[in-house]
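Coordinates in review
What follows is each chain in one-letter form.
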Amino acid sequence: MTDTPLPPQRRSRLQKFRDSDLWWSFWHHPSAVIAAALLLLLIAAAFLAPWITPQNPYDLAALELWNAELPPIWQEGGQWPYILGTDLQGRDMLSAILYGSRASIVIGAASVAVSLAVGATLGLIAGYYGKWADTVLMRVGDVLLSMPTMLIAILVSAVARQMLPPGWREAGASGVIVLAISLSAWVQYARTVRAQTMVERGKEYVQAARLIRVPPRRILLRHILPNTTTPLLVAATLNFGLGILIEATLSFLGVGMPPEQPSLGTLIRIGNQYLFSGLWWIVLFPALQLCLLVVSINVLGDWLRDALNPKLR
């Protein structure tokens, strides 16, 4: 009697990922590990803000004017629980920073999702069908790329805000910012997907799928699009930090989030007015939070670009 070999156990996706070169590269890249840990901490603190902060900075009834302009707790005059001090309205700076970080993170992620969806779709159409579709889409992209991204975002944000009814302008401010950022950011994704699609459409597996009359939508979504995920993932990671920075700039210039719903850019704009009056904490801590967010995302993006580059393996 012979022993029959046991069938090999199927590994889960998590086990396969932990055995991959990408996971090994991540754990052997100290700056990427530190950046990932810092980013997770910042995101977790932002979304847990209602449970870990002493007040809701969006609730005007919760503001205490008699506690305005308090310095950080380690300075003379500081009071608990205002660890990072308060602003001129009695708003706790830690609460405002965490709530503002959540707004900035959501807007940055939403702008990446919208621009990625639009850019990937248009890139697939332009690269697969070519001819007039390719010409029209790429010329529109060239026009947008010839204009500064910040100028487009400011123009779209200002115009869209004026087109909204007065009662919707503050409620729709985040949606307007996402639209303003996505309008120019989709071009990078479209050009990336278009180039990869033009390469893939001439390969044998695509030609075979055409011969057996596979619908073009299935060819694009099931066969060509997965081959573009690597450059798209790198671009999305880097544009996530860029989206947060653009939102902060728009809010700093006064065409972004309103003062009643402060993001990091709004807090920096408000604090900048009192920088030389001794209230340095109002502008310093939001600016530091913005720097930590963007730098950690960019470090992760740089690592991901190197890790997924086959020439560096």
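Since the model is a prediction, treat every value here as computed from it, not as a measurement. (Residues numbered from 1 in each chain as written. Predicted model: local features only at pLDDT ≥ 70, side-chain atom pairs only at ≥ 80, totals over all residues. Heavy atoms only, no water.)

A tally of regular secondary structure across the protein gives 13 helices and zero strands. Counting from the amino terminus, helix and strand elements in the protein follow one another as α-α-α-α-α-α-α-α-α-α-α-α-α. Considering only C-alpha atoms, the protein reaches an extent of 80 × 65 × 35 Å along its principal axes. The proportion of buried residues among the 313 residues of the protein is 41%. Put simply, of all contacts in the protein between residues at least 6 apart along the chain, 69% involve residues at least 24 apart. Only carbon and sulfur atoms are counted for the fraction: they give 65% of the accessible area of the protein, which is about 17700 Å². For the protein, the distance from the average site of its 24 positive side-chain charges to the average site of its 18 negative ones is 18 Å. (Helix = DSSP H or I, 4+ residues; strand = E, 2+ residues; numbered from the N terminus. Buried < 20%, exposed > 50% of the residue type's maximum accessible area, 1.4 Å probe, protein only. Contact = heavy atoms within 4.5 Å. Areas by Shrake-Rupley, 256 points an atom, 1.4 Å probe, with all protein chains shown as cover. Lys, Arg positive; Asp, Glu negative; His and termini not counted. Charge placed at Lys NZ, Arg CZ, Asp CG, Glu CD.)

Our focus in this paragraph is the packing of helix 5 (residues 93–129) against helix 8 (residues 173–200). Helix 8 packs onto helix 5 with a crossing angle of 35° between their chain directions and a minimal axis gap of 5 Å. Along this stretch, helix 5 crosses helix 8, giving a crossing that reads as right-handed. Its residues assigned to classes, the contact of helix 5 with helix 8 shows 20 nonpolar, eight polar and one charged. (Axes fitted to C-alpha atoms, helices over the stretch in contact; angles between N-to-C directions. Left-handed = near helix turned anticlockwise from the far one by under 90°. Nonpolar A, V, L, I, M, F, W, Y, C, P; charged D, E, K, R; others polar.)

Counting through the fold element by element, Gly254 comes out in the loop between helix 11 (229–253) and helix 12 (264–272). The exposure class of Gly254 is partly exposed, given its relative accessible area of 47%. A sequence separation of 45 residues divides Gly254 from Val299, and the C-alpha atoms of the two residues are 29 Å apart.

A separate point is unusual backbone geometry. Unusually for a residue other than glycine, Arg213 sits at a positive phi of about 60°. Among the residues examined, Arg213 registers a relative accessible area of 74% and is labelled exposed.

Turning to a nonpolar patch on the surface, a few remarks are in order. Judged by side-chain polarity, Leu48, Trp51 and Ile52 come together as a nonpolar surface patch covering roughly 380 Å² of accessible area. Within the secondary structure, Leu48 sits in the loop between helix 3 (30–47) and helix 4 (49–52). (Patch = residues over 30% accessible without salt bridge, like charges linked within 9 Å, V, L, I, M, F, W, Y side chains within 5 Å. Salt bridge = Lys/Arg side-chain N within 4 Å of Asp/Glu carboxyl O.)

Moving on: the packing of aromatic side chains. Enumeration over the complete set of coordinates arrives at four aromatic pairs. Between the aromatic rings of Trp280 and Phe285, the centroid separation amounts to 5.9 Å while the plane-to-plane angle is 55°, which identifies the pairing as tilted. For Trp280, a relative accessible area of 28% gives the class partly exposed. Of the aromatic side chains, those joined through ring pairs into one cluster are Trp74, Trp280, Trp281 and Phe285. (Phe/Tyr/Trp six-rings, centres within 6.5 Å; stacked < 30°, edge-to-face > 60°.)

Across all of its chains, the model carries five salt bridges by this definition. Here Asp134 ties to Arg194 by a salt bridge, and the two come within 2.6 Å at their closest N and O atoms. Here Asp134, found in helix 6 (residues 131–145), pairs with Arg194, found in helix 8; they are 60 residues apart in sequence, far enough to count as distant. A relative accessible area of 22% means that Arg194 is categorised as partly exposed. A salt bridge links Asp142 to Arg191, with the nearest nitrogen and oxygen atoms 2.9 Å apart. With a gap of 49 residues between them, Asp142 in helix 6 and Arg191 in helix 8 connect regions that are remote in the sequence. A relative accessible area of 29% places Asp142 in the partly exposed class. Each member of the salt-bridge network shares a partner with another, and the members are Arg139, Asp142 and Arg191.

The next point concerns helix 10 (residues 216–224). For an α-helix, the turn length of 3.6 residues means that residues three or four places apart are oriented alike. Considered for burial, the residues of helix 10 that qualify are Ile219, Leu220 and Ile224. In a view along the axis of helix 10, the buried residues occupy a sector of 95°, so they form one face of it. Opposite the buried face of helix 10, by more than 90 degrees, sit the exposed residues Arg217 and Arg222. For helix 10, the secondary structure elements touched by its buried residues are helix 5, helix 8 and helix 9 (204–211). (Arc of directions from axis to C-beta.)

All right, on to the confidence of the model for the protein then. When pLDDT is averaged along the protein, the result is 81; 90% of the residues meet or exceed 70. Of all secondary-structure elements in the protein, the lowest mean pLDDT belongs to helix 1 (residues 13–18), at 62, while helix 3 reaches the highest, 90. (pLDDT = per-residue confidence, 0-100.)

To continue, consider the packing of helix 12 against helix 13 (residues 281–307). Angle between the axes and distance between the axes are the two parameters that describe a pair of packed helices. Two elements in contact, helix 12 and helix 13, have axes separated by 8 Å at closest approach and are oriented at 150°. Here helix 12 is positioned roughly antiparallel relative to helix 13, judged by the angle of their axes. The two elements helix 12 and helix 13 cross, and the hand of that crossing is left-handed. For the pair formed by helix 12 and helix 13, the contact residues are Leu264, Leu267, Ile268, Gly271 and Asn272 on the first element and Ile282, Val283, Pro286, Ala287, Gln289, Leu290 and Leu293 on the second. (Parallel < 35°, antiparallel > 145°, perpendicular 65-115°, else oblique.)

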